[in-house]
Amino acid sequence: MTGFRLQQAALTVGGQTVLHDLDITIRPGERVALLGESGAGKTTLLRALREQQPNRIAWCPQQPGLVPVLPVFHNLYMGRLDQYATAYNLLNLIRPTPARRREVTELADRLGLGDQLWKPVEQLSGGQQSRVNLGRALYQQRPLFIGDEPVSAIDERQGADLLTLICEQHETVVLALHNIDQALAHCNRIIGIRAGRVAFDSPSDQLTSADIKPLYPSDAS
Amino acid sequence: MNRITKTLCVSIASLLTPAVLADTFVFTAIPDQDERQLTERFGKIADYLEQQLEVDVQYIPVKSYSAAVSAFRSDQVQMAWFGGLTGVQARQLVPGSQAIAQGVEDTAFISYFIAHESTGLAPADSLTDTLRGKSFTFGSKGSTSGRLMPEFYLREQFGEAPETLFNRVGFSGDHSRTIALVESGAYDVGAVNYAVWDAGVEAGDIDTDAVQVIWETPAYPDYQWTIRGDADARFGDGFTQRVQQALLDMTDPDLLAAFPRSGFIPATNADYAPIEATAVTIGIMDAQ
Amino acid sequence: MTTRLQLRDTGAMRRTTGLFILLALLCLPWADIAVHTLDPGRELGRLAQGLLWPQWPTTRTLAEAIASTLAFAFQGVALGAIAGFGLALLYRRRAVRWLAASLRAVHELFWALLFIQLFGLSTLAGVLAIAVPYAGIFAKVYGELFEETDPAPRQALPANASRLSSLMFTTLPQAWPNLAAYTRYRLECGIRSSAVLGFIGLPTLGYHLESLLRQGFYAEAAPFFYALLILIATQHRWCRGWMIPAMLLAALWWLPPVAPVNGALIWQFLTHDIVPAPLRSGMDALPWFMDLWQGQLWPGLINTLVLAMLSLVVMGLLGVMLFPTVSRLFGNRWTRGLSHGVLVILRSLPEYLLAFIALILLGPSMLPAIIALGLHNGAIIAHLIGQYSNTLVLRDDAARGLNRYFFEVLPRQFRLFLAFSLYRFETVIRETAILGMLGIPTLGFFIDSAFAEFRFDRAVMLLVASAVLNIAVDGCARIIRRRLHLQQQVQVC
């Protein structure tokens with residue numbers, strides 16, 4: 001199986017059920033966006049999906065989890081720690097090898113971080129750190145990608161570019177997003193979550209913003 | 001063992017209680033060998049003195065040579081069985097105190113230099129350059145037979161300090177430990193009190209295949225009983241003399257084995273002038 | 001501005017680490033490192049056998065040694081805390097800060113050697129030996145705690161409120177929880193110090209331990225060793241609440257802090273014995289001083305610094321290597337439990353004792369001292385960093401094993417590691433001085449010799465030198481910490 005499947009599932013956090021009666025199947029090739037208010041349970045759902053096949057997934061959590069004193073290079077390289085021998089990793093920690101250096105530089109250029117490659121990430125801005133976080137997931141080069149608000153701290157134009165990059169590089173993509181337009185533009189399936197249940201689950205070309213609006217009842221507008 | 005440690009502990013704690021000291025005649029001895037046996041060795045001496053002097057007599061053990069002198073200086077003990085050097089130090093720190101008795105053997109005491117068999121050093125009549133570059137251990141820093149006189153003769157023979165003569169110089173703390181360290185090869189050569197060595201060999205405690213005597217020093221005065229100058233004022237006129245007589249009268253071989261000596265003879269401060277001069281010469285005492 | 005500071009920080013941290021390692025390597029040619037026992041295996045075997053099959057002393061012997069150990073610790077720490085509190089109230093004055101720094105720069109063993117000259121081998125001498133340096137430490141920590149309190153409540157008081165009532169109503173209540181916690185923690189150090197005082201003749205656990213270990217009676221030493229270990233390891237369980245005043249009263253009853261005070265003796269010590277010999281006899285003091293400088297002060301200083309640098313690097317390496325073994329980010333419950341036990345043992349035992357054991361096993365050189373200082377302090381660093389690493393939250397897909405250690409954890413903990421290590425620097429220097437009593441020719445060795453020769457003038461001169469070195473090292477460490485923006489951290493003894 002290369003996709004995901006949840007059947008009659010209930011997801012709990014700290015003993016409390018956050019999501020009820022989940023029936024979700026994601027097939028290879030799908031690009032799925034999760035929409036819903038913050039706290040609706042998107043992150044919980046992404047975690048549950050990730051646990052189904054952790055070794056095939058490029059994982060981009062909302063909390064960047066970067067190592068502040070290490071430079072951008074190493075934070076990106078860390079995406080592949082499990083793919084190389086430990087000794088080789090240590091060598092790259094002390095003195096990056098030309099092959100990895102080339103790959104990572106190329107990726108950093110695509111992320112717009114080419115100039116910052118050897119700067120400790122604690123010296124980067126929030127948006128730049130967020131790009132490093134995304135870059136680390138991209139560098140994993142896995143068939144599936146799960147991202148929790150991967151571009152929310154990045155300006156809209158660059159965010160769109162990076163979403164395109166994500167979709168290009170991965171067969172299957174599941175993203176939690178808060179920007180509805182981005183969701184509609186980059187994904188072919190939208191799952192709306194509200195009050196602990198799936199409110200709707202349909203192809204994006206069949207949805208209008210009127211369908212989506214009820215997901216955000218506390219929105220003043 | 002249990003009984004010994006018990007007495008040991010009772011006595012060490014009692015040192016801290018000044019009340020005990022008021023009407024009790026307290027003495028100590030430098031801990032020059034196996035500390036577990038100190039209380040046993042000197043407890044008997046305390047009983048003997050108590051009988052002879054008709055005052056309460058107590059022996060308390062101390063931890064080091066310098067602790068013995070400190071206790072004497074601060075009047076926590078009124079008398080002590082000192083080595084030559086510690087006696088000189090004590091009498092210098094407590095004006096009026098005097099040496100009253102020494103062992104028969106102490107008029108002509110000697111030290112042995114002992115060596116581990118791996119050094120290949122053989123017994124000789126004089127110190128030779130074969131010692132150079134070896135490791136060497138003294139006993140306690142304040143010991144006459146384990147430090148002062150050996151260092152004096154080393155300097156006299158080689159004209160330099162032990163630190164430059166040997167590649168390493170240590171202080172084992174006591175004679176038993178010096179023998180053990182050289183026996184195990186931790187040090188190549190050591191200097192030791194001849195009486196402790198002879199007693200050890202006789203008792204079969206020393207592996208004479210591993211360690212042997214390679215040289216003996218010329219004779220010098222060593223151990224003596226020293227009493228504080230204010231003893232008469234505290235315990236009655238003529239007390240010092242009675243103590244001296246009691247020591248000279250000690251003939252029981254069992255008691256004398258504690259030191260080990262064959263008997264005691266009178267001693268005076270002047271007997272130890274050579275020791276003081278030697279201490280000043282090798283630089284561990286300031287000229288007065 | 002902040003980014004530029006941080007940029008300098010990261011590079012500076014790396015350079016500082018490199019500098020310390022380089023300095024230690026430069027020290028190596030001067031360090032006397034060698035194994036001198038022909039057969040350390042045999043001695044080790046006898047030690048292990050002794051530890052496994054201890055020979056018990058009478059209950060009374062053991063109980064009395066424990067009671068005395070606790071009595072000195074409680075009285076010393078209590079007196080130190082009271083005096084330190086008084087000094088802390090005046091901590092803003094430069095003179096008081098210097099006084100406190102000088103008091104804590106001299107190790108308790110050396111204070112004990114001094115007080116024994118003044119008061120004989122008495123309870124008072126032992127209590128003061130702990131209380132005096134601890135007063136210096138308490139003054140600093142209490143003083144800093146007072147300074148850290150929120151000034152707002154104080155400023156809101158009526159203008160003519162007295163300083164004391166202001167203290168009682170605003171500063172003290174705010175600082176109290178930290179104050180109490182630190183004092184309790186210091187009691188643990190006090191027990192260790194008290195045990196160590198036994199090495200020079202006070203009737204604590206150390207008295208028996210030193211005699212028996214030195215003479216190689218390992219089985220007979222083992223019970224005292226275990227008693228000390230259990231006392232320190234369980235201290236936080238029984239030493240709290242009403243137990244503390246109760247224990248203090250019991251301590252005063254068991255060993256009343258009195259001494260046979262001999263006015264003449266004290267007067268002679270202060271006005272004659274500690275005055276340099278040439279001044280007493282009206283001779284030229286310069287040759288005397290030059291002799292002392294060339295023969296003892298200079299070699300003592302060099303050896304102290306060499307030993308401290310090497311120990312510091314060994315401590316750092318051990319700390320970095322051992323902390324993952326107690327961190328929840330690595331291993332399982334069993335490995336952590338085991339490692340935790342080992343670290344407790346290493347940090348409970350006084351360095352002096354560890355060095356003593358290492359000396360017996362490895363023979364006389366600087367090596368046992370380096371091992372002892374490295375192990376003891378490394379265990380403390382590992383424990384602290386292990387604790388802090390438990391607060392790290394890693395990503396769900398964070399690497400495991402060595403990858404996790406080198407990429408995720410070590411880089412994040414490095415700043416903390418450096419801060420702790422620099423704090424330990426002063427302690428390491430202090431302890432190197434007392435390891436001299438084991439025969440390593442540091443300043444402490446020469447101080448011990450001076451006391452053994454009853455040349456108090458030299459002893460005091462050497463003590464002053466070692467105090468100055470201590471204060472200088474502490475100052476250096478503080479400057480480096482400030483440069484690297486390593487924030488203040490908990491104190492450890």
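Residues numbered from 1 in each chain as written. Chains lettered and ligands numbered in written order. Predicted model: local features only at pLDDT ≥ 70, side-chain atom pairs only at ≥ 80, totals over all residues. Heavy atoms only, no water.

Asks: Could you clarify how one ought to interpret the overall build of chain C in this entry?
Replies: If you tally the helices and strands in chain C, you get 21 helices and zero strands. In terms of C-alpha radius of gyration, chain C reaches 24 Å, essentially the compact-globule figure of 23 Å for 493 residues. Projected onto its principal axes, the C-alpha positions of chain C cover 75 × 75 × 55 Å. Every one of the 493 residues in chain C was classed for burial, and the buried ones make up 59%. Put simply, of all contacts in chain C between residues at least 6 apart along the chain, 81% involve residues at least 24 apart. For chain C, the centre of its 39 positive side-chain charges and the centre of its 26 negative side-chain charges are spaced 10 Å apart. (Helix = DSSP H or I, 4+ residues; strand = E, 2+ residues; numbered from the N terminus. Rg over C-alpha atoms; globule rule 2.2 N^0.38 Å. Buried < 20%, exposed > 50% of the residue type's maximum accessible area, 1.4 Å probe, protein only. Contact = heavy atoms within 4.5 Å. Lys, Arg positive; Asp, Glu negative; His and termini not counted. Charge placed at Lys NZ, Arg CZ, Asp CG, Glu CD.)

Asks: Which parts of the structure should I look at to understand the side chain of Arg104(C)?
Replies: Residues and elements named next belong to chain C. Among the secondary structure elements, arginine 104 is positioned in helix H4 (residues 94–105). Although arginine 104 is buried, it forms no salt bridge, and the closest oppositely charged side chain is aspartate 474 at an N-O distance of 4.1 Å. A polar contact is formed between the side chain of arginine 104 and the backbone oxygen of glycine 136, at a distance of 3.3 Å. Excluding residues within four positions of it along the chain, arginine 104 makes contact with Tyr91, Pro133, Gly136, Ile137, Lys140, Glu426, Arg430 and Asp474. (Salt bridge = Lys/Arg side-chain N within 4 Å of Asp/Glu carboxyl O. Polar contact = N/O pair within 3.5 Å; in protein donor to acceptor, adjacent residues only side chain to side chain.)

Asks: Hey, could you run me through the sheet that holds strand S1 (residues 24–29) of chain B in this one?
Replies: Pairing between sheet strands relies on hydrogen bonds along the backbone, with the strands arranged either parallel or antiparallel. Residues and elements named next belong to chain B. Spatially, six strands are ordered S2-S1-S3-S10-S4-S11 in an open sheet, and the strand pairing comes out mixed. Unpaired on one side and paired on the other, strand S2 (56–59) and strand S11 (264–266) mark the two borders of the sheet. The sheet shows a mean angle of 25° between the axes of neighbouring strands, direction not considered. Summarising the sheet, strand S3 (residues 79–82) and strand S10 (residues 224–227) pair through four bridges and their orientation is antiparallel. Counterpart to phenylalanine 82 in the pairing with S10 is glutamine 224. Contacting S1, S3, strand S4 (98–103), S10 and S11, helix H11 (residues 239–248) runs over the sheet at an angle of about 5° to S4. (Pairing = 2+ DSSP bridges. Axes fitted to C-alpha atoms, helices over the stretch in contact; angles between N-to-C directions.)

Asks: Even after reading the chapter, I still don't get the packing of aromatic side chains, so can you show me in this structure?
Replies: By the definition in use, this model includes 52 aromatic pairs over all chains. Ring centres of Tyr182(C) and Tyr185(C) lie 5.9 Å apart, and the angle between their planes is 50°; on these two criteria the pair is classed as tilted. Residue Tyr182(C) and its partner Tyr185(C) are both found in helix H8 (residues 163–197); the two are separated by three residues, about one turn of the helix. Members of the aromatic cluster, joined through ring pairs, are Phe27(B), Phe42(B), Tyr59(B), Trp81(B), Phe109(B), Tyr112(B), Tyr194(B), Tyr220(B), Tyr223(B), Trp225(B), Phe259(B) and Phe264(B). A cation over a ring is seen here: Arg186(C) above Tyr134(C), with NZ or CZ 4.7 Å from the ring centre. When the ring centre of Trp334(C) is taken as reference, the NZ or CZ atom of Arg333(C) above it lies at 5.3 Å. (Phe/Tyr/Trp six-rings, centres within 6.5 Å; stacked < 30°, edge-to-face > 60°. Lys NZ or Arg CZ within 6 Å of the ring centre and 35° of its normal.)

Asks: Would you mind showing me how to read the interface of chain A and chain C here?
Replies: Note: interface size is frequently given as the accessible area lost on complex formation between the parts. Of the residues lining the interface, 24 residues belong to chain A; the matching set on chain C comes to 17 residues. Roughly 1900 Å² of surface becomes buried between chain A and chain C when both sides are summed, with 60% attributable to carbon and sulfur atoms. Contact with chain C buries surface across chain A, with Val69(A), Leu81(A) and Gln123(A) losing the most and accounting together for 27% of the total. The tally of links from chain A across to chain C stands at two salt bridges. A salt bridge links Arg415(C) to Glu122(A), with the shortest nitrogen-to-oxygen separation between them at 3.9 Å. Across the chain A-chain C interface, the total number found is seven residue pairs in polar contact (both at pLDDT 80 or more). Breaking the side of chain A that touches chain C down by element, the ones donating at least two residues are helix H1 (42–52), helix H2 (72–77) and helix H3 (86–94) of chain A. Of the residues contributing to the side of chain A that touches chain C, the split by class is 14 nonpolar, six polar and four charged. (Buried area = accessible area lost by both parts, 1.4 Å probe. Nonpolar A, V, L, I, M, F, W, Y, C, P; charged D, E, K, R; others polar.)

Asks: I tried to follow the pairing of strand S6 (residues 135–138) of chain B on my own but got confused; where do I start?
Replies: Within a regular strand, the side chains alternate between the two sheet faces. All names here are of chain B. Of the two faces of S6, both are covered, the one formed by Ser135 and Thr137 as well as the one formed by Phe136 and Phe138. Relative to strand S7 (residues 168–171), S6 runs parallel, the two being bridged by four bridges. Across the sheet, the residue bridging to phenylalanine 138 is phenylalanine 171, located in S7. Pairing between S6 and strand S8 (residues 189–193): two bridges, direction parallel. Directly across from threonine 137, in S8, lies its bridge partner glycine 190.

Asks: Before we go on, may I ask you to explain the domain arrangement of chain B in this structure?
Replies: Residues and elements named next belong to chain B. Along its sequence, chain B is carved into domain 1 (2–106 + 222–275) and domain 2 (110–216). Relative to domain 2, the C-alpha centre of domain 1 lies at a distance of 28 Å. The interface is formed by 16 residues belonging to domain 1 together with 15 residues belonging to domain 2. Taken together, both faces of the contact between domain 1 and domain 2 bury some 1100 Å²; the carbon and sulfur share is 57%. Interface area lost by domain 1 to domain 2 is led by Gln33, Tyr65 and Leu85, which between them contribute 42%. (Domains from an automatic or database assignment.)

Asks: What am I meant to see in the sheet that holds strand S7 (residues 189–194) of chain A here?
Replies: Residues and elements named next belong to chain A. Spatially, the six strands line up as an open sheet ordered S4-S5-S6-S3-S7-S8, and their pairing is mixed. Bordering the open sheet on either side are strand S4 (57–60) and strand S8 (197–203), each of which pairs with just one other strand. Neighbour-to-neighbour, the strand axes of the sheet open up by a mean angle of 15°, direction not taken into account. In this sheet, strand S5 (residues 144–148) lies alongside S4 in parallel orientation, the contact comprising four bridges. When the sheet's bridge partners are listed, isoleucine 57 is paired in S5 with leucine 144. The strands that helix H5 (residues 126–139) touches are S4 and S5; relative to S4, the one it contacts most, it runs at about 175°.

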